[in-house]
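Commentary on secondary and tertiary structure
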Amino acid sequence: MTDEALSTELSYATVVQNLADNPTPVTTWDVPEGAAIRIAQGHPAILDVDAAGGGNLSRATSLGLAYREPNDQLDAWTVISDFSIAPFNTLSLKDQQSGENAQRRRVRFAPERVPEGRLTLEDADELALVVNGPDQIDAASLFFNYPMQVMNR
Amino acid sequence: MNANQRPEKQVYLGPEAFTFSEYTSGSEGIVGTAKVPSTQVWRVPVGMPLVVALTGKQTATVSSGATESIDLTPEAPLVDFMDDVTAGEYTTDASLVGYYDSTGDGNPDTLITDSTGTQYTGTFGTSEDFITSAELQETDAGGDVDVAFYAVMRHGLTKIQKRNSGKGNVSQELQADDSITWAFSNPDAPDTDRQIKWDARNDGLRGVIPPKFNLDLVFYDASFATAVEEANAMNVEVSIPVSQRPVRPDEDAADLRRKVSQTMVAP
């Protein structure tokens, strides 16, 4: 079991543009064969994104983490956390990497969907970063990072 | 003194300790390798701060006699522990270093400053902690000039791994982070999260790197490549502390290698 970062830069991450006014995934992580990943709540997330055409996303935008199991319908993402864009808009990427301003960026999971605040995703499960807001994002500018643990199966 | 009693000492692996190699984007690849001397054993000093900033290259052309603003793709992070071009520090150690072709041989190899034939006007476009563009003025008016920029990588993932030598190459990852986290780390600020330290899981046998093993820097990005192997990429910043001690007379280097290899089941 090793500590790694769940990041948009991983080789098994796919970054796409969202649909405005629809909750849609912008990054999906397809758990690689032979591995399992575990994410736990309580860590600060690091996120940087521009709206398509430049500038910050509207403050009405919310983001979340969601998962999909192999036989779920294609659009059936189970959203497990929900956070606001605001603290990420006001802090630069560099400032977000400082421990001093982490409080507003800590991720909480919905207790009824993730009972112990820990979620393990097996091979063939998918995890996604979903966005719901009035703007489309610029997929090329998206950067997201959250601590995770990787286990071998 | 008997070699048996010689203590471990801290050594820092800088860019000169690494052999850098070419990288093509789209798959994971080794971009730098340091080899453990055949008479020494390395151990990872858990908790010591690490510095790794790899660089990528981008090229552009400035028209003869013109003043042009050149957009950087990818943008160059303003790195705490390196010189800052936007503050007039036009050195080879800056997080963004520009070279121009002063001789017309098609090879941009002369450092750009504020007084060279092709020079910085001092105007830089910035967006938060990134340099987005640099304005250059071509004063020789002898034709269009090729320029090359070496900027610290903001994209991709950078890992440190140990790897045994010879047949049956086995590797084990020791530390992994996004390139941007490496770039924005601050080795001088232990009270913030921005210091990247040798991970505590590298304690014990996992952190032992026997004689002739390799310590690799591994990079991955889907669309941008590093250019660490180029002679002008002098702003590659690497400082990896390891504890080094001689192989003891009662130790067999081959045995030690075998013992460590057997524990190296990834990750």
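Residues numbered from 1 in each chain as written. Chains lettered and ligands numbered in written order. Predicted model: local features only at pLDDT ≥ 70, side-chain atom pairs only at ≥ 80, totals over all residues.

Description of the overall build of chain A
- Scanning chain A from terminus to terminus reveals two helices and eleven strands.
- Mapped from its N terminus to its C terminus, chain A presents α and β elements in the order β-β-β-β-β-β-β-β-α-α-β-β-β.
- In terms of overall dimensions, chain A has C-alpha extents of about 40 × 35 × 30 Å along its principal axes.
- Relative to its full complement of 153 residues, chain A shows a buried share of 33%.
- Look at the contacts in chain A between residues 6 or more apart in sequence, and 78% of them connect residues 24 or more apart. (Helix = DSSP H or I, 4+ residues; strand = E, 2+ residues; numbered from the N terminus. Buried ≥ 20, exposed ≤ 12 C-beta atoms within 10 Å, placed from the backbone. Contact = placed C-beta atoms within 7 Å.)

Section: the sheet that holds strand β11 (residues 130-138) of chain B
All names here are of chain B.
- The strand order across the open sheet built from three strands is β7-β11-β10, with neighbouring strands paired in antiparallel fashion. Lying at the two open borders of the sheet, with one neighbouring strand each, are β7 (67-77) and β10 (118-127). Taken pair by pair, the neighbouring strands of this sheet meet at an average axis angle of 25°, ignoring direction. (Pairing = 2+ DSSP bridges. Axes fitted to C-alpha atoms, helices over the stretch in contact; angles between N-to-C directions.)

A closer look at the interface of chain A and chain B
- Between chain A and chain B, the contact holds 19 residues from the first and 21 residues from the second.
- Counting residues per element, the ones that place at least two in the side of chain A that touches chain B are β1 (2-7), α2 (93-96) and β11 (143-152) of chain A.
- The element best represented in the side of chain A that touches chain B is β1(A), accounting for five residues.

Examining the pairing of strand β17 (residues 237-246) of chain B
Residue and element names in this part refer to chain B.
- Sheet topology note: the strand β1 (residues 9-13)/β17 ladder contains five bridges and is antiparallel. In the strand pairing of β17, L13 is matched with I240.
- Relative to β17, strand β5 (residues 51-53) runs antiparallel, the two sharing three bridges. Looking at the pairing, A53 lines up with E237 of β17.

Observations regarding the confidence of the model for chain A
- Averaged over every residue, the pLDDT of chain A is 91; the share at 70 or more is 100%.
- Across chain A, element-level confidence peaks in strand β10 (residues 126-132) of chain A with a mean pLDDT of 95 and bottoms out in β1(A) with 88. (pLDDT = per-residue confidence, 0-100.)

Considering the domain arrangement of chain B
All names here are of chain B.
- Domain boundaries assigned for chain B yield domain 1 (3-53 + 154-263) and domain 2 (55-152).
- Placing a centre on the C-alpha atoms of domain 1 and another on those of domain 2 gives a separation of 31 Å.
- Listed as interface residues are 21 residues of domain 1 and, on the opposing side, 19 residues of domain 2.
- Secondary-structure elements contributing two or more residues to the side of domain 1 that touches domain 2 are β5 and α1 (179-183). (Domains from an automatic or database assignment.)

So, the nonpolar core
All names here are of chain B.
- Ranked by size, the top nonpolar core spans 99 residues in total, and within it V52, A53, L54, L96, V147 and A183 carry the most contacts.
- It is strand β12 (residues 145-152) that provides the largest number of residues to this core, a total of seven residues.
- When we break this core down by domain, the ones giving at least three residues each are domain 1 (3-53 + 154-263) and domain 2 (55-152). (Core = buried A, V, L, I, M, F, W, Y, C linked by C-beta atoms within 7 Å.)

Looking at the sheet that holds strand β3 (residues 29-35) of chain B
Residue and element names in this part refer to chain B.
- Judged by pairing direction, the sheet is antiparallel, and its five strands sit side by side in the order β2-β3-β16-β13-β14 without closing on themselves. Because the sheet does not close on itself, it has two edges, and the strands there are β2 (19-20) and β14 (171-178).
- Summarising the sheet, strand β13 (residues 157-163) and β14 pair through seven bridges and their orientation is antiparallel. Bridging across to β14, K159 finds its partner in A176.

Quick word on the environment of P77(B)
Residues and elements named next belong to chain B.
- Tracing the chain through its elements places P77 in strand β7.
- Expressed as a C-alpha distance, the spacing of P77 and T91, which sit 14 residues apart in the sequence, is 16 Å.
- With sequence-adjacent residues up to four places away left out, P77 is seen in contact with S95, D129, F130, V152, R154, I180, A183 and F184.

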